[in-house]
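# Breakdown of the fold
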Amino acid sequence: MTAYVIRNASILGADVADVRIVDGVIAEIGTTLDTSDVEVIDADGLIALPGLVDLHTHLREPGREDAETVETGTRSAAAGGFTLVHAMANTDPVADTAGVVEQVWRLGREHGYCDVAPVGAVTVGLAGEKLAELGAMADSAARVRVFSDDGKCVSDAVLMRRALEYVKAFDGVIAQHAQEPRLTEGAQMNEGELSGVLGLTGWPAVAEEAIIARDVLLAEHVGSRLHVCHLSTRGSVEIVRWAKSRGIDVTAEVTPHHLLLTDELAATYDPIYKVNPPLRTADDVAALREALAEGVIDIVATDHAPHPSEDKDCEWAAAAFGMIGLETALSVVQHTMVDTGLLDWAGVADRMSARPAAIGRVASHGRPLAVGEPANIVLYDPSASRVVRPEDTVSMSRNTPYRGIELPGKVVATFLRGRPTVLDGTVVDEASVEEVSA
Amino acid sequence: MRHLLSTGDLSRDDAVLLLDTAEEMLSVAQRPIKKLPTLRGQTVVNLFFEDSTRTRISFEAAAKRLSADVINFAAKGSSVSKGESLKDTALTLQAMGADAVVIRHGASGAPARLARAGWIDSAILNAGDGSHEHPTQALLDAFTMRRHLAPSGDRSLEGRRVAIVGDVLHSRVARSNALLLATLGAEVTLVAPPTLMPYGVESWPVETSYDLDTVLAKSDAVMMLRVQTERMNAAFFPSAREYSRRYGLDSRRMAKLPEHAIVMHPGPMNRGMEITADVADSVRSVIVEQVTNGVAVRMAALYLLLSGARDAATTSPATTADLTEGQA
Ligand SMILES: [Zn+2]
């Protein structure tokens, strides 16, 4: 296996150092390291961060290979600086058995761009009626620890209670898509001033907040671990803050798009902005940024949701919910959190690598950049900038809401256990990945 | 004016020009030969994804009186259920060279999508989209109000008080009317049970009330909106009877209106629900006249969009003077 020396990287945006990678591990960190018999990566002006970890990715395989596959989705992840993604369970068939989660996990390993940790469904077929075999998924080769019916809410209070209790046996966590279903029937966008004017059925904040409030109380009652997916409102922040202050074991995520975009974009009636939960108000965006800075919201998770063009090239009501986000996540976080002074790069590493890996109970990711640690590293140029063009995406899908927007930063290189999956800003293709690892 | 998607896009001048033009059009309708050569050679497509014979016929008559070729494209009942077919249909109409597309669609924003997605270059007229807007209905309502409440002088609706009553939440007619009437200077009060008032209505340029009786006494016009009985199954109100009792217009309530006030309804009516038969058929009711005025207003809209677009190329904007020449 090739050895590398990364030259002059700013470690977590602070001290500049060289990093030696040998056999997939960080072997040495120091200044002016010896570069004989290694490949040198010039990282002048680049920041070194631990490989990013996404707790919320839709890879679409099996079932919707017209939107994304494990291969294209993990390539997209690598391009965005990720070394581990959690693949959501709402595939077809649903990832509700050991067989399906092992299949997804194995596909990730085979392609080698980014590790894949499958998320198991909480209920059979996401139907919200009967617990899936959570233990079998936990015990499988995929070692599932995160369970979610994402796309749907586990709305039945008893089922949610049981799920929270049951996963305690293997230190699992229930990641809830908090959406009270009756309050959101036919919902199309944030319920606010604009939804009434546009004649689009509202998705009220209370439908999210009511479920989060119930779930933190359930988690407290049964002494279990709850994770809140894509939290999107100021009220939800307040509830999570309260729960944490009571010592309830709850964590929460925010998506990049909820940190940047607002519901006013719905006025275009362009469904590229249609997402679930919906884009909220500028006030919510401000609250989410503050909460992420403070740590009330623990992590950023992309909710990367690829869709084929025909699912967006239509009228708003007919369009699918969701946006792709793996390749723009770090740029959006730089723009909304770092460039605004809310978070430093060590904070970014914490929110996008260490904490998501900890919530997912994945020991080999989200590690510090230190000698002896696995060489999962991303090199990022914060001074670069680009205007986002959908046709440039590595993902198979093009449904990026940032089309035409200028975003800062660029992922220059990604290393997965010492192997480059991205070099010079380009995904290293599968053949050469195999070659390198051979 | 390139498209007519929302009355919110109309300036006061635009709106007045439309109403004045409609006035000219109405006089055409009263002549022995009801046809103008203005849009000869132009193609108007009626693209209806929802059934609405009355609106379709009104647009069809309007286009034909301007000598346009009319193609009726009823997408309802065909394999149109997924969105892509809106795009495919648009591409087809583009290939056919449609100059204007009159679209009725169940999804809010479908006309805006058609106007902006780059699928088609035609002028787009919103003939009702979901619970968003129905601009020509609002224009014909304003036109009707003007004829009754401001028949002479500056013809302004400034300060006229209009109550819009009923299922405001789901009503595209209410939205278009609220925006247009505010632009024209009228004072609008929306009256509905709180469950049928849109979220965020405080930001609209209107007053709101839950009490019909107090509003009626100071209204120059009252517009009753259709209320679907199915709404009670979604708990918007307890029963049809209770709805009628609190928000329906019967002759006892009508008596509270000032002498000159008119009663309107965009149709189709639920007689016995939001309006009683005797009120609908009373002398104060201008409901039948609204239908007649609909053709004139739609002629004006088509004329201003299509001949206006052409004139814009030669930098001369459409005016009613052009129209008078056209009639010669
Ligand atoms: Zn979700």
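Residue positions are given per chain, counted from 1 along the sequence in the order it is written. Each chain is given a letter, starting from A, and each ligand a number, starting from 1, according to the order in which they appear as written. Given that this is a predicted model, residues contribute local features only at a pLDDT of at least 70 and side-chain atom pairs are listed and counted only at 80 or more, while totals for whole chains, interfaces and linings are drawn from all residues. Only heavy atoms go into the side-chain values, all of them from the structure, while hydrogens and water stay out.

Which entries qualify depends on this criterion: UniProt positions are given in the numbering used here, feature names are shortened, and annotations may be inferred rather than shown by experiment.
Under an unreviewed UniProt entry, the name given to chain B is Aspartate carbamoyltransferase, and the organism recorded is Mumia xiangluensis. UniProt, in its Pathway (unreviewed entry) section for chain B, records the words "Pyrimidine metabolism; UMP biosynthesis via de novo pathway; (S)-dihydroorotate from bicarbonate: step 2/3." Among the UniProt annotations of chain B, the heading Function (unreviewed entry) holds the following wording: "Catalyzes the condensation of carbamoyl phosphate and aspartate to form carbamoyl aspartate and inorganic phosphate, the committed step in the de novo pyrimidine nucleotide biosynthesis pathway."

Where an unreviewed UniProt entry is consulted, chain A appears under the name Dihydroorotase, with the organism given as Mumia zhuanghuii. Regarding chain A, the UniProt comment filed under Sequence similarities (unreviewed entry) reads as follows: "Belongs to the metallo-dependent hydrolases superfamily. DHOase family. Class I DHOase subfamily." According to the UniProt record, the Catalytic activity (unreviewed entry) comment for chain A is "(S)-dihydroorotate + H2O = N-carbamoyl-L-aspartate + H(+)".

### Brief notes about the overall build of chain B
Quick reminder of the rule: Secondary structure elements are defined from DSSP: runs of H or I of at least 4 residues count as helices, runs of E of at least 2 residues count as strands, and each element is numbered from the N terminus. Put simply, the radius of gyration uses C-alpha atoms, and a globule should come to 2.2 Å times the residue count raised to 0.38. The classification of residues rests on relative accessible area computed with a 1.4 Å probe and restricted to protein chains. Under 20% of the type maximum is buried, over 50% is exposed, and intermediate values are partly exposed. Should any heavy atoms of two residues lie within 4.5 Å, those residues are considered in contact. Residue burial considers only the protein chains on display, and all accessible areas are found by Shrake-Rupley using a 1.4 Å probe. All tallies of charge rest on Lys and Arg as positive and Asp and Glu as negative; His and the ends of each chain are not included. To locate a charge, take NZ of a lysine, CZ of an arginine, CG of an aspartate or CD of a glutamate.
The helix and strand inventory of chain B stands at 12 helices and nine strands. Scaling as 2.2 N^0.38, a compact globule of 328 residues should have a C-alpha radius of gyration of about 20 Å, and chain B matches this with 20 Å. Oriented by its inertia axes, the alpha-carbon framework of chain B measures out at about 55 × 50 × 35 Å. With 328 residues in all, chain B has 56% of them scored as buried. Once local pairs closer than 6 in sequence are excluded, the contacts in chain B between residues at least 24 apart make up 76%. Split by element, the accessible area of chain B, about 13300 Å² in all, is 50% carbon and sulfur. Charged side chains of chain B number 36 positive and 37 negative; the gap between the two group centres comes to 4 Å.

### Details of the sheet that holds strand S1 (residues 43–48) of chain B
Residues and elements named next belong to chain B. To keep it simple, the criterion reads: A pair of strands counts as paired when DSSP detects no fewer than two bridges linking them. A fitted line through C-alpha atoms serves as each axis, taken over the contacting stretch for helices, and the angle formed by two N-to-C directions is quoted from 0 to 180°.
One open sheet accounts for four strands, arranged S2-S1-S3-S4; its pairing is parallel. Only two strands of the sheet have a single neighbouring strand rather than two, namely strand S2 (69–74) and strand S4 (123–129). Neighbouring strand axes in the sheet, compared pairwise and without regard to direction, differ in orientation by 15 degrees on average. Looking at chain direction, S1 and S2 are connected through six bridges and run parallel. Bridge assignment links Thr-43 to a residue of S2, and that residue is Asp-69.

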